[in-house]
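Here is how the chains run, residue by residue.
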Amino acid sequence: MLAATEPGPGDTVLDLYCGAGLFAGAVAPVVGDGGAVIGIESDQAAVRDARHNLRDWPWARVHRGDVAQVLRRNTLPPARLVIADPPRAGLAREVVGYLSQAPAAERFGYVSCDPATLARDLGLLLARGWALENLRAFDAFPMTHHVECVATLTR
């Protein structure tokens, strides 16, 4: 995810559908205390675990709630970098709308476990001004139909 988003010192990063903070934990040391990492997750146990996992980086915090609802509140700082690892259903339409209207967002790292929903979401994002810079597929579960993909989008 570091290669996809290219975080640097002082960056603000949104980690949507952050789970236990895997990606937030990777970018937090890179952005440093001059930056911010904001995770959003709906699952209470995952939020608890993420807060525990990110405890060494006070500039990383996690909001509990539905991603679309938290973004709709419009209380988050502008972020240059966005990461998303949504459930199999893909990005909520409101999240696509947010990403389309977030002027500060320049790079978006999208992790997907479902190529069909990834293709659908990429089509929506490309139509709204994002460009696909890179797409990688990982056979994380050999001998199954499951493929993990990481898409890098820019604008």
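Below is a summary of the structure that appears in this document. (Residues numbered from 1 in each chain as written. Predicted model: local features only at pLDDT ≥ 70, side-chain atom pairs only at ≥ 80, totals over all residues. Heavy atoms only, no water.)

### Examining the overall build of the chain
Then comes step 1: What the chain contains, in helices and strands, is six helices and seven strands.
Then comes step 2: At 15 Å, the chain has a C-alpha radius of gyration in line with the 15 Å of a compact globule built from 155 residues.
Then comes step 3: Viewed in the frame of its principal axes, the chain has a C-alpha envelope of about 40 × 35 × 30 Å.
Then comes step 4: Put simply, the chain has 155 residues, and 48% of those count as buried. (Helix = DSSP H or I, 4+ residues; strand = E, 2+ residues; numbered from the N terminus. Rg over C-alpha atoms; globule rule 2.2 N^0.38 Å. Buried < 20%, exposed > 50% of the residue type's maximum accessible area, 1.4 Å probe, protein only.)

### So, the pattern of salt bridges
Then comes step 1: Counted according to the given criterion, the structure contains seven salt bridges.
Then comes step 2: Put simply, Arg107 and Glu6 hold a salt bridge, and the shortest N to O gap is 3.7 Å. Taken together, the positions of Arg107 in strand S5 (residues 107-112) and Glu6 in the loop between helix H1 (2-5) and strand S1 (12-16) put the pair 101 residues apart, joining distant regions of the chain.
Then comes step 3: Looking at Arg107, the relative accessible area reads 8%, which means it is buried.
Then comes step 4: Take Glu6: its relative accessible area is 44%, and that puts it in the partly exposed class. (Salt bridge = Lys/Arg side-chain N within 4 Å of Asp/Glu carboxyl O.)

### Some words on the sheet that holds strand S7 (residues 148-154)
The strands that make up a sheet are held in pairs by hydrogen bonds between backbone atoms, and each pair lies either parallel or antiparallel.
Then comes step 1: Taking strand neighbours across the sheet as the criterion, the seven strands line up as S3-S2-S1-S4-S5-S7-S6 in an open arrangement whose pairing is mixed. Looking at the sheet topology across the chains shown, the edges are occupied by strand S3 (60-64) and strand S6 (131-138). Strand-to-strand twist in this sheet, taken as the mean axis angle between neighbours without regard to direction, amounts to 15 degrees.
Then comes step 2: The pairing of strand S2 (residues 36-41) with S3 spans five bridges and is parallel. (Pairing = 2+ DSSP bridges. Axes fitted to C-alpha atoms, helices over the stretch in contact; angles between N-to-C directions.)

### Re helix H6 (residues 115-127)
Then comes step 1: Along its 13 residues, H6 runs 18 Å from first to last C-alpha, staying within 8% of the 18 Å computed at 1.5 Å per residue.
Then comes step 2: Looking at H6, one finds that the buried residues are Thr117, Leu118, Asp121, Leu122 and Leu125. With its buried residues spanning 135 degrees around the axis, H6 presents them on a single face. Facing away from the buried side of H6 by more than 90 degrees, the exposed set consists of Ala116 and Ala127.
Then comes step 3: The inward-facing, buried residues of H6 abut helix H5 (93-101), S5, S6 and S7.
Then comes step 4: Near the N-terminus of H6, the side chain that reaches the backbone nitrogen of Ala116, with its oxygen 2.9 Å away, is that of Asp114.
Then comes step 5: Where H6 terminates, the next one or two residues include Gly129, which has phi positive at roughly 105 degrees. (Expected span 1.5 Å × (residues − 1). Arc of directions from axis to C-beta. Contact = heavy atoms within 4.5 Å. Polar contact = N/O pair within 3.5 Å; in protein donor to acceptor, adjacent residues only side chain to side chain.)

### What to know about the pairing of S7
Then comes step 1: Of all seven residues that make up S7, five are buried, and the element is covered over most of its length.
Then comes step 2: Taken together, the six bridges between S5 and S7 define a ladder with antiparallel strand orientation. The partner of Tyr110 across the bridge, within S7, is Ala151.
Then comes step 3: As paired strands, S6 and S7 are joined by seven bridges and run antiparallel to one another. In the strand pairing of S7, Leu135 is matched with Ala151.

### With respect to the nonpolar core
Then comes step 1: In terms of nonpolar packing, the biggest core is built from 29 residues, with Leu16, Leu91, Val95 and Phe108 touching the most fellow members.
Then comes step 2: Residue assignment for this core shows that the elements contributing at least two residues are S1, S2, helix H4 (67-72), strand S4 (81-84), H5, S5, H6 and S7.
Then comes step 3: Broken down by element, this core gets its largest block of residues, four residues, from H4.
Then comes step 4: Other than its neighbours up to four places away in sequence, Phe108 contacts Val82, Ile83, Ala84, Leu91, Leu99, Leu125, Trp130, Ala151, Thr152 and Leu153.
Then comes step 5: Of all hydrophobic cores here, the second largest spans 17 residues; its members include Ala24, Ala28, Val31 and Trp59. (Core = buried A, V, L, I, M, F, W, Y, C linked by side-chain atoms within 4.5 Å.)

Treat this as a map of the structure, not an account of what it does.
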